Amino acid sequence: LGGISPLVTDSRTRFMKFITFYGNRDFLVPANLLLVFLFIIRKNKWMAITTAAAGLSSLGLMVSLKSLTRRPRPDHPMVEGVTNFSFPSGHAFMSVAFYGLLIWLAVKYIPEKWKRNLLILLLTALMLTIGFSRMYLRMHYTSDVIAGYSIGIIWLMLVLALMDKIRQHNETPGRPDQGL
């Protein structure tokens, strides 16, 4: 963390505190709920369920991993009042779970290549900046952020694959339990 110290300025710190909010559960939980609501309005039941499953399971897994590892945060954090543990970075994990889901949706639903690629680039930059902000603000070690990204990517891929299998199973014609 000593390598970041020369980069610290008041304006950068304000920017990092601003950007880190977009990886906070205070933002991501309502954002997930809004996305679920939008899919319900559009009558896309499976995307509503998939979004809810990804968001809820990610939050539960992140809280569980922090409780299991109980790694203390770095000394002298630049944000006050944080009392939970450091490993893995919840901001990195939850950012990948939400913004990674948005990337998956972009690939699935945006036909114009330039729009899709621009959105993917912007969302990836946001996720990376959120992770950097956690190290800059001395809230996490680099390994916490890398673990958060890694676990988030693996978890999101597993949830999406599982939800796709469940959807395919439920859409199989002629199943005896169909309609239940």
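Heads up: the structure comes first, above all this text.
What comes next concerns the included structure.

Conventions used here
Residues numbered from 1 in each chain as written. Predicted model: local features only at pLDDT ≥ 70, side-chain atom pairs only at ≥ 80, totals over all residues. Heavy atoms only, no water. Helix = DSSP H or I, 4+ residues; strand = E, 2+ residues; numbered from the N terminus. Buried < 20%, exposed > 50% of the residue type's maximum accessible area, 1.4 Å probe, protein only. Contact = heavy atoms within 4.5 Å. Areas by Shrake-Rupley, 256 points an atom, 1.4 Å probe, with all protein chains shown as cover. Salt bridge = Lys/Arg side-chain N within 4 Å of Asp/Glu carboxyl O. Axes fitted to C-alpha atoms, helices over the stretch in contact; angles between N-to-C directions. Parallel < 35°, antiparallel > 145°, perpendicular 65-115°, else oblique. Left-handed = near helix turned anticlockwise from the far one by under 90°. Nonpolar A, V, L, I, M, F, W, Y, C, P; charged D, E, K, R; others polar. Phe/Tyr/Trp six-rings, centres within 6.5 Å; stacked < 30°, edge-to-face > 60°. Patch = residues over 30% accessible without salt bridge, like charges linked within 9 Å, V, L, I, M, F, W, Y side chains within 5 Å. Core = buried A, V, L, I, M, F, W, Y, C linked by side-chain atoms within 4.5 Å. Polar contact = N/O pair within 3.5 Å; in protein donor to acceptor, adjacent residues only side chain to side chain.

Overview of the overall build of the protein chain
Thinking step 1. Scanning the protein chain from terminus to terminus reveals 6 helices and 0 strands.
Thinking step 2. Counted from the first residue to the last, the protein chain has its helices and strands arranged as α-α-α-α-α-α.
Thinking step 3. Taking the principal axes of the C-alpha coordinates as reference, the protein chain spans close to 65 × 40 × 25 Å.
Thinking step 4. Within the protein chain, the fraction of its 180 residues that count as buried is 37%.
Thinking step 5. Here the analysis covers contacts within the protein chain between residues at least 6 apart in sequence; of these, 74% occur between residues at least 24 apart.
Thinking step 6. Summing over all exposed atoms, the protein chain offers an accessible surface of approximately 10500 Å²; the carbon and sulfur share of this is 68%.

Brief notes about the pattern of salt bridges
Thinking step 1. On inspection of all chains with the given rule, the structure shows 2 salt bridges.
Thinking step 2. With a closest N to O distance of 2.7 Å, Asp-144 and Arg-71 form a salt bridge. With a gap of 73 residues between them, Asp-144 in helix H6 (residues 142–170) and Arg-71 in the loop between helix H3 (45–69) and helix H4 (90–109) connect regions that are remote in the sequence.
Thinking step 3. On the basis of relative accessible area, Asp-144 is assigned to the buried category, the value being 0%.

Some points on unusual backbone geometry
Thinking step 1. Of note in the backbone geometry, Lys-43 takes a positive phi value of approximately 60° without being a glycine.
Thinking step 2. Looking at where Lys-43 falls in the secondary structure, it is placed in the loop between helix H2 (25–41) and H3.
Thinking step 3. One non-glycine residue, Arg-138, adopts positive backbone phi at about 55°.
Thinking step 4. Examined against the element boundaries, Arg-138 turns out to sit in the loop between helix H5 (113–136) and H6.
Thinking step 5. Note on Arg-138: relative accessible area 24%, which makes it partly exposed.

Concerning the packing of H2 against H3
Thinking step 1. As a packed pair, H2 and H3 sit with axes 7 Å apart at the nearest point and diverge in direction by 160°. Considering their axes alone, H2 and H3 lie roughly antiparallel with respect to each other. Crossing handedness for the pair H2 and H3: left-handed. Along the contact surface, H2 presents Arg-25, Val-29, Asn-32, Leu-35, Val-36, Phe-39 and Ile-40, while H3 presents Met-47, Ala-48, Thr-51, Ala-52, Gly-55, Leu-59 and Val-63.
Thinking step 2. Looking at the contact of H2 with H3 residue by residue, the classes come out as 10 nonpolar, 3 polar and 1 charged.

Remarks on the packing of aromatic side chains
Thinking step 1. By the definition in use, this model includes 6 aromatic pairs.
Thinking step 2. Relative to Tyr-99, the ring of Phe-98 has its centre 5.2 Å away and its plane inclined at 75°; by these criteria the two rings are edge-to-face.
Thinking step 3. Residue class for Phe-98 comes out buried when judged on its relative accessible area of 6%.
Thinking step 4. Plain terms: the ring middles of Phe-132 and Tyr-136 are 6.3 Å apart, the flat faces sit at 45° to each other, and that makes the pair tilted.

Section: a nonpolar patch on the surface
Thinking step 1. Where nonpolar side chains cluster on the molecular surface, the patch consists of Leu-34, Phe-37, Leu-38 and Ile-41 and spans about 390 Å² of accessible area.
Thinking step 2. What makes Phe-37 partly exposed here is its relative accessible area of 46%.

Points about the nonpolar core
Thinking step 1. Counting 31 residues, the largest nonpolar core has Leu-35, Phe-39, Phe-98, Tyr-99, Leu-101 and Leu-105 as its most contacted members.
Thinking step 2. Top element by residues in this core is H4. It accounts for 9 residues.
Thinking step 3. Not counting the four nearest positions on each side in its chain, Leu-35 is found in contact with Thr-51, Phe-98, Leu-101, Leu-102 and Leu-105.

Thoughts on the environment of Ser-58
Thinking step 1. Examined against the element boundaries, Ser-58 turns out to sit in helix H3.
Thinking step 2. For Ser-58, a relative accessible area of 2% gives the class buried.
Thinking step 3. For the pair Ser-58 and Pro-30, spaced 28 residues apart in sequence, the C-alpha to C-alpha distance is 14 Å.
Thinking step 4. In this structure Ser-58 touches Ala-53, Phe-93, Met-94, Ala-97 and Trp-155, once residues within four positions along its chain are discounted.
Thinking step 5. Among the polar contacts listed, one links the side chain of Ser-58 to the backbone oxygen of Ala-54, at a separation of 2.6 Å.

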